[in-house]
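# Summary of the model geometry
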Amino acid sequence: FGDKFRSPPLRDNVEAPTNFRKNPVRVAIIHSAPYVDYIKHANGTLEVMGYLPDLLRVLEHELNFTIDWIVVPDNSYGIEDNGTWNGLIGQLVEKKADIAVSPLSYTIGRSQVVDFSPPIDFSTLRVLLRKDGTNAAMDWYTYVSGFHWSVWLSIIGLWLLMGIALAYIARPATHITAYNFLFAFIGALAQQGSEIEPTCLRGRIAFLSYWFGSLLLYSYYTADLTSQLSVVKLQDPFINLKDAIDKGYSISTVRGTSYISDIQQPGAQESLKSLWKQLQTKPNLLVSSMEEGLHLVNTEQKTGFWMDTNSVDYLIKGSCEYVWAGPDYFSEYVNIAYQKKLSFANVISLYLNRASDAGIKEKLLNKYWGGPNACLGGSTFHELGITKTGSAFAFFITSLIASLLCLAAEILYSRYQTTDRRRRTQAWKR
């Protein structure tokens, strides 16, 4: 990153120890893409990649030290069990590593045994679902859902009342029947107008009121239909974790996180307690990786994945098959952790801050995450296919068939009348 990263000499309180550049810095890692990931090759070499390793390599170059990557066997972030810590935190407590890099959360328990860096990112937990059954998808019902059934019945009733009653109230010419008025009022509802115009004042007043009311109904309907046809409406299937479990959802999450410890606490929210009870009865919902959690979401019905949105957004980037549901949980900063009272921890922390000021963090974030996932951002434009607009074409075809049937009936009836007339004529001549 060149001279933009260069900074003034270190202050006395962050002076690097003499062995900082002689001995490699031991860095513990687990699979937690895109923050950290690694590949073990057949020849025994370890390839480490991700947002945090790239950030540490910048510091490695600037501070002239080397890194010794240590893979944590249990692939756990680190929780306490009877005074013993596992995972990344355990590596620091047992002094097997100097630094643990992962999206680690600051907790009171962890802060008593390790130290933390300045914030490197911000994260929150939500439930990820497949869109199946969560998206209020448009179908043929969309075209009638603009009005409640009572409104549709009222429109039909008003149409019959106005069409039949006005034929007697207006007293038009004898050739204009109630049937003609019914057709004229259908034209008013469809905003097409009619050639039938009552000449008397009482008839015109009735027509005027019907036209004005039809205009309002038409405006309401088209406004609602336009919003439904142009915008996909996403609606959460539940309001929180407890509500999700009560509705039959299974919620999966990754084992070995601080969140698992938090939801076991007596003072936890009721929704979190409900999740812990479900995890106890269904241990298969505690998965070892985010990929395994996504697999459950894809293969199991009514299964959600409760995990930090940053990591999951990376894994499903560009996919429109998922949706976030429910509220945010544990919204907090994420950090990397140091061995307690590590002599060069302040040096690393200082340069992490300087990397942020130099724009290096932002460049790395864009490298791994890019722009926001539009599919998970809420409402998007919906392109209508033939299956969504088929009701209109079906109506046209049905009307055409009905017209052809009427034509066939008229032809048959006309032939019948002609035949009957000929028979009567012949009988008269006899």
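Criteria and thresholds
Residues numbered from 1 in each chain as written. Predicted model: local features only at pLDDT ≥ 70, side-chain atom pairs only at ≥ 80, totals over all residues. Heavy atoms only, no water. UniProt positions renumbered as here; feature names shortened; annotations may be inferred. 1 Å grid on protein atoms, 1.4 Å probe; cavity = no way out; pocket = protein on both sides within 12 Å on 5 of 7 lines; lining within 4 Å. Points joined across faces, edges and corners; volume = space filled by probe spheres on them. Helix = DSSP H or I, 4+ residues; strand = E, 2+ residues; numbered from the N terminus. Nonpolar A, V, L, I, M, F, W, Y, C, P; charged D, E, K, R; others polar. Expected span 1.5 Å × (residues − 1). Buried < 20%, exposed > 50% of the residue type's maximum accessible area, 1.4 Å probe, protein only. Core = buried A, V, L, I, M, F, W, Y, C linked by side-chain atoms within 4.5 Å. Contact = heavy atoms within 4.5 Å. Phe/Tyr/Trp six-rings, centres within 6.5 Å; stacked < 30°, edge-to-face > 60°. Lys NZ or Arg CZ within 6 Å of the ring centre and 35° of its normal.

Where an unreviewed UniProt entry is consulted, the protein appears under the name Glutamate receptor, with the organism given as Meganyctiphanes norvegica. The UniProt entry for the protein carries this comment under Sequence similarities (unreviewed entry): "Belongs to the glutamate-gated ion channel (TC 1.A.10.1) family." One UniProt comment on the protein, placed under Subcellular location (unreviewed entry), says "Membrane".

## So, empty space enclosed by the protein
Here the structure, examined in full by the defined rule, presents 4 cavities of 30 Å³ or more. Of all elements in the fold, only β7 (99-105), α8 (258-263) and β12 (303-308) reach the threshold of two or more residues within the lining of the largest cavity. The element best represented in the lining of the largest cavity is β7, accounting for 3 residues. For the lining of the largest cavity, a count of residues per class yields 6 nonpolar, 4 polar and 2 charged. By volume, the second largest cavity is sized at about 50 Å³. Taken together, I30, H31, N75, Y77, V254, S288, S289 and M290 form the lining of the second largest cavity.

## Regarding helix α1 (residues 51-63)
With 13 residues, α1 should reach 18 Å at 1.5 Å per residue; the first-to-last C-alpha distance of 19 Å fits that figure. Burial within α1 is extensive, with 10 of its 13 residues counted as buried. Inspection of α1 places Y51, L52, P53, D54, L55, L56, V58, L59, E62 and L63 among the buried residues, and these make up the whole buried set. In the segment just after α1, N64 is the residue with positive phi, at about 60 degrees.

## Structural notes on the nonpolar core
Buried together is how nonpolar side chains tend to be arranged in soluble globular proteins. Core analysis: the biggest nonpolar cluster contains 36 residues, and V27, I99, V101 and I348 have the highest contact counts within it. Sorting the residues of this core by element identifies β1 (25-29), α1, β4 (67-71), β7, β13 (322-339), α12 (345-357) and α13 (360-368) as the ones contributing at least two each. Per element, the largest residue contribution to this core is 7 residues, and it comes from α1. If we ignore the near neighbours within four places in the chain, the residues touching V27 are L56, I67, D68, W69, I70, I99 and V101. Within the second largest apolar cluster, 28 residues are counted, among which are I30, F116, M290 and I316.

## Focus on the environment of D328
Its place among the elements puts D328 in strand β13. C-alpha of D328 to C-alpha of V127: the two residues are 201 residues apart in sequence and 8.6 Å apart in space. If near-sequence neighbours (up to four positions away) are discounted, D328 is found in contact with T124, L125 and R126.

## So, the packing of aromatic side chains
For the coordinates displayed, the defined rule picks out 11 aromatic pairs. Each ring, one from F238 and one from Y249, has its centre 5.2 Å from the other, and the planes form 70 degrees; the classification is edge-to-face. In this pair, F238 sits in the loop between α6 (201-230) and α7 (241-246) while Y249 sits in the loop between α7 and β10 (250-254), placing the two residues 11 residues apart along the sequence. Each of the two residues, F238 as well as Y249, counts as buried. Pairing Y259 with W306 gives two aromatic rings, centres 6.3 Å apart and planes at 65 degrees, and the pair type is edge-to-face. Residue Y259 is located in helix α8, and its partner W306 is located in strand β12; the two are separated by 47 residues in the primary sequence. The exposure class assigned to Y259 is buried, which follows from its relative accessible area of 8%. With a relative accessible area of 0%, W306 lands in the buried category. A connected cluster of aromatic rings, assembled from ring pairs, spans Y259, W306, Y329 and F330. Sitting over the ring of Y249, K302 keeps its end group 4.7 Å from the ring centre.

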